[in-house]
Amino acid sequence: MSQPSAVAAVPAAPSAAALAHFEAGFSFETDCWDVHDALAGGAPDFVLLDVRGTEKYAAGHVPGALDLAHRKIVAGKLADFPAATLFVVYCAGPHCNGAARAAVRLARLGRPVKLMAGGITGWLDEGFDLAS
């Protein structure tokens, strides 16, 4: 009898646990396609934050995104937004943890937040344009 592959060596979680895990993920993340679709509708129900920094923002960003580097997310910068405002954050892509850092800062401030999975890399992979 052959050995199981590295994939099958650890059994998959029971279906109920897998369902809970993957459904919970949607509370923390959204994807580029859903963000694009909401922005194209003209009245998004969230504020999109590019958290990479002003220089990278100026070179190209998701249309409609605001420039707010993750290191600069403080209560005073959010004062103009109602407390229930949902923020969606993105950074360079899956190789960057800036969006997660931004999400932590927003959550510590009591703000609703989701991360846009894939960041700029994912946005471009979907074929969407950047603004500059």
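What you see is a predicted model; the values in this text were computed from it and never measured.

Draft legend 1. Main features of the overall build of the chain. Of the regular secondary structure elements, the chain holds 7 helices and 5 strands. Here the C-alpha coordinates of the chain stretch approximately 65 × 30 × 30 Å along the principal axes. Taking all 132 residues of the chain together, 32% fall into the buried category. Taking the contacts inside the chain whose residues are at least 6 apart along the sequence as the reference set, 69% of them involve residues at least 24 apart. With the model as given, the accessible surface of the chain reaches about 8,200 Å², and the carbon-plus-sulfur share is 59%. Mean positive and mean negative side-chain charge positions of the chain (10 and 13 charges, respectively) differ by 15 Å.

Draft legend 2. The arrangement of the nonpolar core in detail. Membership of the largest hydrophobic core comes to 15 residues, with the highest contact counts inside it found for Leu49, Val51, Ile73, Leu78, Phe87, Val89 and Leu106. Going through the elements one at a time, β2 (47-50), β4 (87-90), α6 (98-108) and β5 (113-117) are the ones with two or more residues in this core. For this core, the element with the highest residue contribution is α6, accounting for 4 residues. Ignoring sequence-local partners within four residues, the contact set of Phe87 consists of Val47, Leu49, Leu78, Phe81, Leu106, Arg111, Pro112, Val113 and Lys114. With 13 residues, the next largest nonpolar core counts Val35, Phe46, Tyr57 and Phe128 among its residues.

Here is what the cut-offs are and how they apply
- Position numbers for residues start from 1 in each chain and track the written sequence from start to end.
- Local features are withheld for residues below a pLDDT of 70 in this predicted model, meaning they are given only at 70 or higher, and side-chain atom pairs are given and counted only at 80 or more; totals for whole chains, interfaces and linings count all residues.
- Heavy atoms throughout the structure, all of them, feed into the side-chain values; hydrogens and water do not.
- Under the scheme used here, helices are H or I runs from DSSP no shorter than 4 residues and strands are E runs no shorter than 2 residues, and both carry numbers assigned from the N terminus.
- Type-normalised accessible area, obtained with a 1.4 Å probe on protein chains alone, sets the label of each residue: buried when under 20%, exposed when over 50%, and partly exposed for intermediate values.
- When checking whether two residues touch, look at their non-hydrogen atoms; a contact exists if any pair is within 4.5 Å.
- To be clear on the numbers: accessible area is Shrake-Rupley with a 1.4 Å probe, and residue cover counts the displayed protein chains and nothing else.
- In this tally, Asp and Glu contribute negative charge and Lys and Arg positive charge; neither His nor the terminal groups of the chain are included.
- A charge is said to be at NZ when it belongs to Lys, at CZ for Arg, at CG for Asp and at CD for Glu.
- Only buried residues count toward a nonpolar core. Its members are Ala, Val, Leu, Ile, Met, Phe, Trp, Tyr and Cys residues joined through side-chain atoms within 4.5 Å.

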